[in-house]
Amino acid sequence: MTGATILVTGAGGYIGSQTVLALQDAQHRVVGLDDLTVGRPELLELSDRVLVADCRDTARLRAIFEAEDIAGVVHCAALAVVAESVAAPTRYLDVNVGGLLNVLGRAVEHGGVPVVFSSSGTVYGDPTATSGLLAEGHAVAPVHAYGLSKRIGEQALAFENHASGLRSVALRYFNAAGADLAGRAGEWHQGPESRVLPRLLGAAQRGLPFELAGDDFGTPDGTCVRDFVHVVDVARAHLQALDYLRSGGPSRVLNIGAGLGTSVLQLVAEVERVTGKTLPLRIGPRRPGDVARLVADVREADATLGWRPELTLGDIVKSAASWHAQR
Ligand SMILES: NC(=O)c1ccc[n+]([C@@H]2O[C@H](COP(=O)([O-])OP(=O)(O)OC[C@H]3O[C@@H](n4cnc5c(N)ncnc54)[C@H](O)[C@@H]3O)[C@@H](O)[C@H]2O)c1
């Protein structure tokens, strides 16, 4: 399906801006909304229509739905730093749950506009008993306010579906990483960067040591194991989820990951391989909220949307390195 107007919240952020590009590449028109607390004006400007607004602002959101023929919503806007959410749980719940509820309310008011929601693999909490892959049926047990905010969001979508029939796809992304393959977007935030790959690339560029956030997790090399999935693959999942909903598909919750575990030390080795630089390492303390291992089973997204990851860890590091160098 092409030619629809899609509202993307968090369009000045990392995944939101890449999703804007994927939608535009598929000939959709994008209304991008962001309050720019974390996101960048340069990324928000990629949208066809730009709105600097808080996604909790009912009047602004209602006006957007009234002015535009919104055929679908991708709700990416959120605060998304786990350790910050441990320190400021109420603020995280306010923005993340409040933002979704406002979007949902307006989508219902306008006849049940389908919603794609940025959920997270962190809803599984600390699944230490699982050394394998986490499927959607695995128990959810968030261990911090960020994960809880995503779980409440998923439940709000399920209850609204039951009440009004509004359909949604909640995408539980694992660790999005990498940059646009044509260099149009990438990870770029206001303030200090919290994500591991841009921090690694920054250390490599400046010749500084990289501080590992703990090396005593119960994993083979002691560092956290994560499922790094290319942001271009993640962006494509939104497009496929919108197509699925606009073709009448029922509400779903789907994992979006690579289906492969990579430890932080393995990521360091890949960065060293791609950049040709050796990274001196220091062992620092664990970050609040970090768990040992989160790796997705992504077969359900394939079965439902025909989505599967196409790009590799090498593609992730190469695209991120060239984005980093270009900035
Ligand atoms: N990056 C990942 O690996 C990952 C993994 C799982 C889930 N997610 C989720 O995906 C979404 C996008 O993540 P991201 O990595 O692009 O993060 P990001 O921080 O780059 O983007 C989030 C955007 O939301 C905006 N925002 C925050 N509060 C807002 C508000 N009240 N009103 C309007 N805009 C607001 C920020 O300014 C920012 O541009 C988030 O919901 C995040 O929780 C991300």
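Here, every reference points to the structure presented above.
The following refers to the structure shown. (Residues numbered from 1 in each chain as written. Predicted model: local features only at pLDDT ≥ 70, side-chain atom pairs only at ≥ 80, totals over all residues. Heavy atoms only, no water.)

## Things to note about the site of the ligand
Heads up, the condition is: For this description, a residue counts as near a given molecule or strand if any of its non-hydrogen atoms is within 4 Å of it. In the analysis that follows, any N or O atom pair within 3.5 Å is treated as a polar contact, provided that within protein one partner can donate a hydrogen and the other can accept it, and provided that, for residues neighboring in sequence, both atoms belong to side chains. Secondary structure elements are taken from DSSP: a helix is a run of H or I of four residues or more, a strand is a run of E of two residues or more, and numbering for both begins at the N terminus. Any residue that is not Ala, Val, Leu, Ile, Met, Phe, Trp, Tyr, Cys, Pro, Asp, Glu, Lys or Arg is counted as polar, Gly included; the first ten are nonpolar and the last four charged.
Taken together, 32 residues lie around the ligand, and Ile15, Asp34, Tyr146, Lys150 and His189 are the ones closest in. A distance of 3.4 Å separates an oxygen atom of the ligand from a polar atom in the backbone of Thr37. The contact in question runs from an oxygen atom of the ligand to an N or O atom on the side chain of Lys150, over 2.8 Å. Counting residues per element, the ones that place at least two in the shell around the ligand are helix 1 (14-25), strand 2 (29-34), strand 5 (115-120), helix 6 (145-164) and strand 7 (175-177). In terms of residue count, the dominant contributor to the shell around the ligand is strand 5 (three residues). Tallied by class, the residues present in the shell around the ligand amount to 16 nonpolar, ten polar and six charged.

## A look at the sheet that holds strand 4 (residues 70-75)
Across a sheet, strands are paired by hydrogen bonds formed along the backbone, either parallel or antiparallel in direction. Formally: The criterion for strand pairing is that DSSP finds at least two bridges linking the strands in question. What counts as an axis is a line fitted to C-alpha atoms, over the stretch in contact for a helix, and the angles between N-to-C directions run from 0 to 180 degrees. Contacts between residues were defined by any pair of non-hydrogen atoms, one from each residue, lying within 4.5 Å.
With parallel pairing, the seven strands of this open sheet are ordered in space as 3-2-1-4-5-6-11. Every interior strand has two partners, whereas the edge strands, strand 3 (49-52) and strand 11 (252-256), have only one. Going across the sheet, the axis of each strand differs from the next one's by a mean of 20 degrees, ignoring polarity. Where strand 1 (residues 5-9) lies against strand 2, five bridges are found, and the strand directions are parallel. By the bridge assignment, Val8 is partnered in strand 2 with Gly32. Taken strand by strand, helix 6 contacts strand 5, strand 6 (168-173) and strand 11, and its axis lies near 150 degrees from that of strand 5.

## Re the packing of aromatic side chains
The following threshold applies: Aromatic pairs are defined between Phe, Tyr and Trp rings, using the six-membered ring for Trp, whenever the two ring centres lie within 6.5 Å; interplanar angles under 30 degrees are classed as stacked, those over 60 as edge-to-face, and all others as tilted. Only protein chains enter the accessibility calculation, which uses a 1.4 Å probe; a residue is then buried when its area is under 20% of its type maximum, exposed when over 50%, and partly exposed in between. Either the NZ atom of lysine or the CZ atom of arginine qualifies as a charge over a ring when it sits within 6 Å of the ring centre and within 35 degrees of the ring normal.
Under the counting rule described, the total for this entry stands at two aromatic pairs. With 6.1 Å between their ring centres and 70 degrees between their planes, Trp188 and Trp323 make a pair best called edge-to-face. Residue Trp188 is located in the loop between strand 7 and helix 7 (196-206), and its partner Trp323 is located in helix 11 (residues 313-326); the two are separated by 135 residues in the primary sequence. Note on accessibility: Trp188 and Trp323 belong to one class, buried. Positioned above the aromatic ring of Phe217, the side-chain terminus of Arg286 is 3.9 Å from the ring centre.

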